[in-house]
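A look at the structure
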Amino acid sequence: MPLQNMPIRRKLMTIVLVTTGMALLLTCVGFVIAQLVSLRQSTVTQFVTLGEVIASNSTAALAFDDHEAADEILAALSAAQNVVAAGLFDGEGRRFATYPTELPAQTLQVGAADGYSFEGRYLLGSQPVTQDGRRRLGTLVLKLDMTPVSIWR
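Glancing now at the nonpolar core. Residues L74, L77, L88 and L140 are the most contacted members of the largest nonpolar core, which totals 22 residues. Put simply, the parts of the chain that give this core at least two residues each are α1 (8-57), α2 (59-63), α3 (67-75), β1 (83-90), β2 (95-99), β4 (122-131) and β5 (135-145). Of all the elements, β5 adds the most residues to this core, at four residues. Other than its neighbours up to four places away in sequence, L74 contacts I54, A86, G87, L88, A97, T98, Y99 and L140. Core analysis: the second largest hydrophobic core is formed by five residues, A85, F89, L103 and V141 among them.

In structure tokens form, the structure reads like this:
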């Protein structure tokens with residue numbers, strides 16, 4: 001039925017229905033985007049906390065040159081499902097321990113600055129390992145797969 005032949009009552013109902021439907025659709029899209037951003041931010045916060053805990057626990061291993069203890073500490077990351085790789089580097093940037101242990105050398109490297117950044121679908125983090133919060137013993141580098149919290153896969 002052409003629009004000009006419709007009764008005014010039906011035209012008004014159609015306009016109200018389309019307007020309400022569009023508002024509902026935009027609200028749903030906004031809600032989903034807000035939830036994804038919130039999930040991404042909370043994942044980053046958890047990742048930063050995990051990095052701080054692992055770096056803190058690695059202090060003794062680096063201070064006493066205990067590779068076995070460092071391997072055990074990094075092996076605990078197997079409980080974190082999204083952690084793809086982790087590396088513990090000494091104060092001179094040499095590889096001290098990795099998770100998984102057979103990780104290729106070029107997978108993780110110490111960056112110029114500490115912090116966290118997104119690279120493709122991964123979140124890379126660099127956390128200093130310090131003794132008493134002052135003396136830097138080394139660096140912890142973590143790589144997290146962000147695919148589970150991404151809408152574009």
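Our focus in this paragraph is the environment of F96. Structurally, F96 can be placed in strand β2. When its relative accessible area of 8% is taken as the criterion, F96 is described as buried. Between the C-alpha atoms of F96 and G138, which are 42 residues apart in sequence, the distance is 9.1 Å. In contact with F96, not counting residues within four places along its chain, are A61, L62, D65, D66, H67, A70, L88, F89 and D90.

Note that the residue after Y99, namely P100, is joined by a cis bond; omega there is -10°. By the element assignment, P100 lies in the loop between β2 and β3 (115-119). In this model, D65 sits at a positive phi of 55°, which is unusual for a non-glycine residue. Among the secondary structure elements, D65 is positioned in the loop between α2 and α3.

Criteria and cut-off values
- Residues numbered from 1 in each chain as written.
- Predicted model: local features only at pLDDT ≥ 70, side-chain atom pairs only at ≥ 80, totals over all residues.
- Heavy atoms only, no water.
- Core = buried A, V, L, I, M, F, W, Y, C linked by side-chain atoms within 4.5 Å.
- Buried < 20%, exposed > 50% of the residue type's maximum accessible area, 1.4 Å probe, protein only.
- Helix = DSSP H or I, 4+ residues; strand = E, 2+ residues; numbered from the N terminus.
- Contact = heavy atoms within 4.5 Å.

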